[in-house]
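Architecture at a glance
Each chain, letter by letter, is given below.
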Amino acid sequence: MPEPETRHTDPSALPVGHPHSATLKRLEKSAGSLAAQAIARMDETLPWYRAMPPENRSWIGLVAQAGIAAFTEWFRHPETPQAISTDVFGTAPRELTRAITLRQTVEMVRTTIEVMESAIDEVAAPGDERVLREALLVYAREIAFATAQVYAQAAEARGAWDARLESLVVNAVLSGEADEGAVSRAAALGWNAPDHVCVVLGTAPDGDSELTVEAIRRAARHAKLQVLTGVLGDRLVVIAGGSDNPLAVAKSLIGPFAAGPVVAGPVVPDLLAGTRSAQAAAAGLKACTAWQDAPRPVLADDLLPERAIAGDPSAREQLVEEIYRPLEEAGSALLETLSVYLEQASSLEGAARMLFVHPNTVRYRLRRVTDVTGWSPSDVRSAFTLRIALILGRLAEGDLQL
């Protein structure tokens, strides 16, 4: 909240010839008791006020006193524009807007105004009752506008700060610099450490990035996902939590992305491990141009051969460790059969002749390859991935023998 202006009101320093000087004097004398009555009324009628810690109740009391004092000053100089939000809400710290909701503030203001209105007949000098009542009505309107302004400014400031925090977290995950500090910042943004996290990358649309981010948030709420998102350069980055299906996550969030590939990284257990998902997605986005018929969205793991050819070391390692090594451990027959089958243009009969076995034996071994690796040699795309894995595995074996 803005800092208050310091005012020193001398009860005797009334404007010369002020038409309601008697009412002003009585209003100033009654300010303390009116504030006390307002606090007592809040304690009696507002359960949330009674439940607040003493420090916050104290600040609310100061706000009520400031509101009554501001009305007195406003009544003293009705022709002079008054900074009501500064006079009233400047007495409380900025954090109070987080502790007290807008609805609660409205209830507090209403209670204070009601107390002041009920005391008009006692406070106003004879004949000034109508004037004081009308002045209070106008002041109530102004204080309502001031309340809305204070909360709007607080929301804007909080939104700008949250956006900066979120950008720091997203950039840390994408750049591989995520640490406990990034986790703390994410927690401050409402991220409650979901068990499954993945990163989705694509091209950001032209226009206002804030609108794009808000569109991602709406899509995430509809899909019941937690997200941390931001536009970094021409990329739209989404860190999504709450689902173990990265492809489904990408499909549910794809609307705000611009035309072009959208890549979902693998699921990882937490935000700190999100760097691995982000790096896989980034490598997939870079290599996606090599697979012109790639689906949209596409998994980073479905782009392993293109990523490996493009020089992604993690993709190369993954192909060797998840395809070549398991086949090697399953027996030389599977590696040999797969290699010959691929060299024979995926012909069962040709592979059987080269291996001097029955075609059914080749068929059985290829089924075992699928069981071991999860990739089917009879599928064109899978066969390409298996071929790259075999090449990389042999290269790795050659390096070990040197």
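The following refers to the structure shown. (Residues numbered from 1 in each chain as written. Predicted model: local features only at pLDDT ≥ 70, side-chain atom pairs only at ≥ 80, totals over all residues. Heavy atoms only, no water.)

**Considerations on the overall build of the chain**
Scanning the chain from terminus to terminus reveals 18 helices and 5 strands. Each of the 402 residues in the chain was classed as buried or not, and the buried ones make up 46%. A separation of at least 24 residues holds for 69% of the contacts in the chain among residues at least 6 apart in sequence. Within the structure as shown, the chain displays about 20,600 Å² of accessible surface, and the carbon and sulfur contribution to it stands at 53%. (Helix = DSSP H or I, 4+ residues; strand = E, 2+ residues; numbered from the N terminus. Buried < 20%, exposed > 50% of the residue type's maximum accessible area, 1.4 Å probe, protein only. Contact = heavy atoms within 4.5 Å. Areas by Shrake-Rupley, 256 points an atom, 1.4 Å probe, with all protein chains shown as cover.)

**Notes on the pairing of strand S2 (residues 226-232)**
As paired strands, S2 and strand S3 (residues 235-241) are joined by 7 bridges and run antiparallel to one another. Within the sheet, the bridge partner assigned to Leu-228 lies in S3 and is Ile-239. In this structure, the hairpin formed by S2 and S3 is closed by a connection of 2 residues, where Gly-233 is found at a positive phi of approximately 65°. (Pairing = 2+ DSSP bridges.)

**Some thoughts on the packing of aromatic side chains**
The description of an aromatic ring pair rests on the distance of the ring centres and on the angle between the ring planes. Per the stated rule, a full pass over the model turns up 3 aromatic pairs. One aromatic cluster is present, formed by Phe-71, Phe-75 and Tyr-139 through successive ring pairs. In this arrangement the basic side chain of Arg-381 is found over the ring face of Trp-291, its NZ or CZ atom lying 3.5 Å from the centre. (Phe/Tyr/Trp six-rings, centres within 6.5 Å; stacked < 30°, edge-to-face > 60°. Lys NZ or Arg CZ within 6 Å of the ring centre and 35° of its normal.)

**Concerning the pairing of strand S1 (residues 197-203)**
Every other side chain in a regular strand lies on the same face of the sheet, so the side chains alternate between the two faces. The buried fraction of S1 is high, at 6 of 7 residues. For S1 and S3, the ladder comprises 7 bridges, and the chain directions are antiparallel. What sits directly across from Gly-202, in S3, is Leu-236. Of the pairings in the sheet, the one linking S1 to strand S4 (residues 263-264) comprises 2 bridges and is antiparallel in character. Looking across to S4, one finds that Leu-201 is bridged to Val-263.

**Looking at unusual backbone geometry**
Across the junction of Arg-296 and Pro-297, the peptide omega takes the value 0°, indicating a cis bond. Mapped onto the fold, Pro-297 is located in the loop between helix H12 (274-287) and strand S5 (298-299). For Ala-345, which is not glycine, the phi dihedral falls at a positive 60°. Structurally, Ala-345 can be placed in the loop between helix H15 (332-343) and helix H16 (348-355). Overall, the relative accessible area of 66% leaves Ala-345 in the exposed class. With phi around 60°, Ser-346 is a residue other than glycine that occupies positive phi space.

**Some points on the side chain of Glu-397**
Looking at the secondary structure, you find Glu-397 in helix H18 (residues 380-401). The residues touching Glu-397, leaving out its near neighbours within four places in the chain, are Tyr-324, Arg-325 and Glu-328.

**Re the side chain of Ser-382**
You can see Ser-382 is positioned in helix H18. Relative accessible area serves as the criterion here: at 10%, Ser-382 is assigned to the buried category. Among residues more than four places away in sequence, those in contact with Ser-382 are Trp-375 and Ser-376.

**Some remarks on a negative patch on the surface**
Side chains of Glu-177, Asp-179, Glu-180 and Asp-270 sit close together on the surface and give a patch of like negative charge. One can find Glu-177 in the loop between helix H8 (129-175) and helix H9 (180-188). (Patch = residues over 30% accessible without salt bridge, like charges linked within 9 Å, V, L, I, M, F, W, Y side chains within 5 Å. Salt bridge = Lys/Arg side-chain N within 4 Å of Asp/Glu carboxyl O. Lys, Arg positive; Asp, Glu negative; His and termini not counted. Charge placed at Lys NZ, Arg CZ, Asp CG, Glu CD.)

**Some remarks on the pattern of salt bridges**
Pairs can form between side chains of opposite charge whenever their charged atoms are close. Within the structure shown, the criterion is met by 12 salt bridges. Residues Arg-217 and Glu-166 are paired through a salt bridge, measuring 2.3 Å at the closest nitrogen-oxygen approach. Of this pair, Arg-217 sits in helix H10 (residues 209-223) while Glu-166 sits in helix H8, and the two are 51 residues apart along the sequence. Take Arg-217: its relative accessible area is 23%, and that puts it in the partly exposed class. Accessibility expressed as a relative area gives 6% for Glu-166, which makes it buried. Two residues, Glu-328 and Arg-325, come together in a salt bridge whose shortest N-O distance is 3.3 Å. Highlighted residues: Glu-328 and Arg-325, both in helix H14 (residues 313-330), separated by 3 residues, approximately one helical turn. Overall, the relative accessible area of 16% leaves Arg-325 in the buried class. Through salt bridges with shared partners, a single network forms among Glu-321, Arg-325, Glu-328 and Glu-397.

**Points about the packing of H16 against helix H17 (residues 359-373)**
Put simply, H16 and H17 touch, their axes get as near as 8 Å, and they point 105° apart. With respect to H17, the axis of H16 lies roughly perpendicular. When H16 is examined against H17, the residues Leu-348, Ala-351, Ala-352 and Leu-355 are found in contact with a partner set consisting of Pro-359, Val-362, Arg-363, Arg-365 and Leu-366. The residue makeup of the contact of H16 with H17, split by class, is 7 nonpolar, no polar and 2 charged. (Axes fitted to C-alpha atoms, helices over the stretch in contact; angles between N-to-C directions. Parallel < 35°, antiparallel > 145°, perpendicular 65-115°, else oblique. Nonpolar A, V, L, I, M, F, W, Y, C, P; charged D, E, K, R; others polar.)

Just distances and angles here, no functional claims.
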